[in-house]
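# Descriptive structure summary
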Amino acid sequence: MTFINTIKNTGYAVFPAAELGANPAQLNDLNPTWDDLPPDNYLKDGGRYRRRRHSCFVAHNGELTQTPHRAHWQALTYNALHGGMERWFEPIDDVVLNNPAWLELLHNLTALCTALKGEQPWYIEAHQFRIDTTDGIGRPTPEGAHRDGVDFVAVLMIGRVGIKGGETRVFEANGPNGQRFTLSEPWSVLFLDDEKVIHESTPIQPLDEYGYRDTLVLTFRRGGFQGA
């Protein structure tokens, strides 16, 4: 994993999922599941632009265990817009969870976390997102630039269809430096040390009448899941 030093030095790195040993063809088999995401009914801005599914896992000593379905919860400290409340989303479909490339991806991302912060149980939350332009624009991060209250965040680009915008911005949490770029390559990974950087993505707009941006977001936390 040649990007470990980059993460240590800058707090983030961008690389293809294939560099984690994932099989691109098997990963592409998952793409149609983003067409079946239920609406996010918790958007406080009244928007209809976000669809998602959510499931949780614990990884330890090479074993990956799915937990009983649970709510997604963040403190207001990290999410001033949607923090402080339990948000129950539909679970990720079994066709995803049983895909060998999915399992390989989670195992290898967990190994990256362990290489950076040591062997221990990792509490993983997985979110499938589709941000679309139903409302004219779609907001990937309506809460603005933020940290997630975890140790690491992996944002995987699945695809961009008929849109402009969606620029990724990564800033030092305690410094002046930042970078701006657009994730566009399918199954590219933005890996963030959540203690060192804050991040956001700018709104998307349609190139014609409608477009969308699909991502997979995985968070890794020591000591347990966030909870009220």
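In case you missed it, the structure is sitting above this.
Rules of the game
Residues numbered from 1 in each chain as written. Predicted model: local features only at pLDDT ≥ 70, side-chain atom pairs only at ≥ 80, totals over all residues. Heavy atoms only, no water. Helix = DSSP H or I, 4+ residues; strand = E, 2+ residues; numbered from the N terminus. Rg over C-alpha atoms; globule rule 2.2 N^0.38 Å. Buried < 20%, exposed > 50% of the residue type's maximum accessible area, 1.4 Å probe, protein only. Contact = heavy atoms within 4.5 Å. Areas by Shrake-Rupley, 256 points an atom, 1.4 Å probe, with all protein chains shown as cover. Lys, Arg positive; Asp, Glu negative; His and termini not counted. Charge placed at Lys NZ, Arg CZ, Asp CG, Glu CD. Salt bridge = Lys/Arg side-chain N within 4 Å of Asp/Glu carboxyl O. Core = buried A, V, L, I, M, F, W, Y, C linked by side-chain atoms within 4.5 Å. Phe/Tyr/Trp six-rings, centres within 6.5 Å; stacked < 30°, edge-to-face > 60°. Lys NZ or Arg CZ within 6 Å of the ring centre and 35° of its normal. Expected span 1.5 Å × (residues − 1). Polar contact = N/O pair within 3.5 Å; in protein donor to acceptor, adjacent residues only side chain to side chain.

## Details of the overall build of the protein
Within the protein, the secondary structure is distributed over four helices and twelve strands. The C-alpha radius of gyration of the protein comes to 16 Å, within 12% of the 17 Å expected for a compact globule of 228 residues. In terms of principal-axis extent, the alpha carbons of the protein reach across some 45 × 45 × 35 Å. Counting every position in the protein, which comprises 228 residues, the buried fraction comes to 52%. Intrachain contacts of the protein at a sequence separation of at least 6 include 80% that bridge at least 24 residues. Accessible surface for the protein amounts to roughly 10,200 Å². Of this, 46% is attributable to carbon and sulfur atoms. Across the protein, the centroid of the 21 positively charged side chains sits 6 Å from that of the 29 negatively charged ones.

## Some thoughts on the pattern of salt bridges
A full pass over the atoms with the stated rule returns 14 salt bridges. Measuring nitrogen to oxygen at the nearest pair gives 4.0 Å for the salt bridge that ties Lys117 to Asp193. Pair noted here: Lys117 is in helix α4 (residues 100-117) and Asp193 is in strand β9 (residues 188-193), with a separation of 76 residues, a long-range link. Put simply, Lys117, Asp151, Asp193, Glu195 and Arg222 are held in one network by salt bridges that share partners.

## Regarding the nonpolar core
Among the nonpolar cores identified, the biggest contains 38 residues, and Trp102, Trp187, Phe191, Leu216, Leu218 and Phe220 are the most heavily contacted of them. It is α4 that contributes the most residues to this core, eight residues altogether. With residues near it in sequence (within four places) discarded, Trp187 still touches Pro16, Ala17, Leu27, Asn28, Leu30, Asn31, Trp34, Leu105, Leu156, Met157, Ile158 and Leu216. Of all hydrophobic cores here, the second largest spans 13 residues; its members include Val150, Val153, Val155 and Val197.

## A look at the packing of aromatic side chains
For any pair of aromatic rings, geometry is given as the distance between the ring centres together with the angle between the planes. For the coordinates displayed, the defined rule picks out nine aromatic pairs. Between the aromatic rings of Tyr210 and Tyr212, the centroid separation amounts to 6.1 Å while the plane-to-plane angle is 50°, which identifies the pairing as tilted. Geometry around Phe89 places Arg52 over its ring, the cationic atom sitting 4.0 Å from the centre. Positioned above the aromatic ring of Tyr212, the side-chain terminus of Arg130 is 3.7 Å from the ring centre.

## Comments concerning the environment of Leu216
As for its position among the elements, Leu216 is in strand β12 (residues 212-221). For Leu216, a relative accessible area of 0% puts it in the buried group. The spatial distance from the C-alpha of Leu216 to the C-alpha of Phe152 is 14 Å, given a sequence separation of 64 residues.

## A word on α4
Given a rise of 1.5 Å per residue, 18 residues ought to cover 26 Å, and the 26 Å separating the end C-alpha atoms of α4 matches this to within 8%. Buried residues of α4: Ala101, Trp102, Leu105, Leu106, Asn108, Leu109, Thr110, Leu112, Cys113, Thr114 and Leu116, and no others. The opening residue of α4 is Asn99, an N-cap whose side-chain oxygen sits 2.8 Å from the backbone nitrogen of Ala101. One or two steps after α4, the chain reaches Gly118, where phi turns positive at roughly 95°.

Limitation: the analysis is restricted to geometry and does not speak to function.
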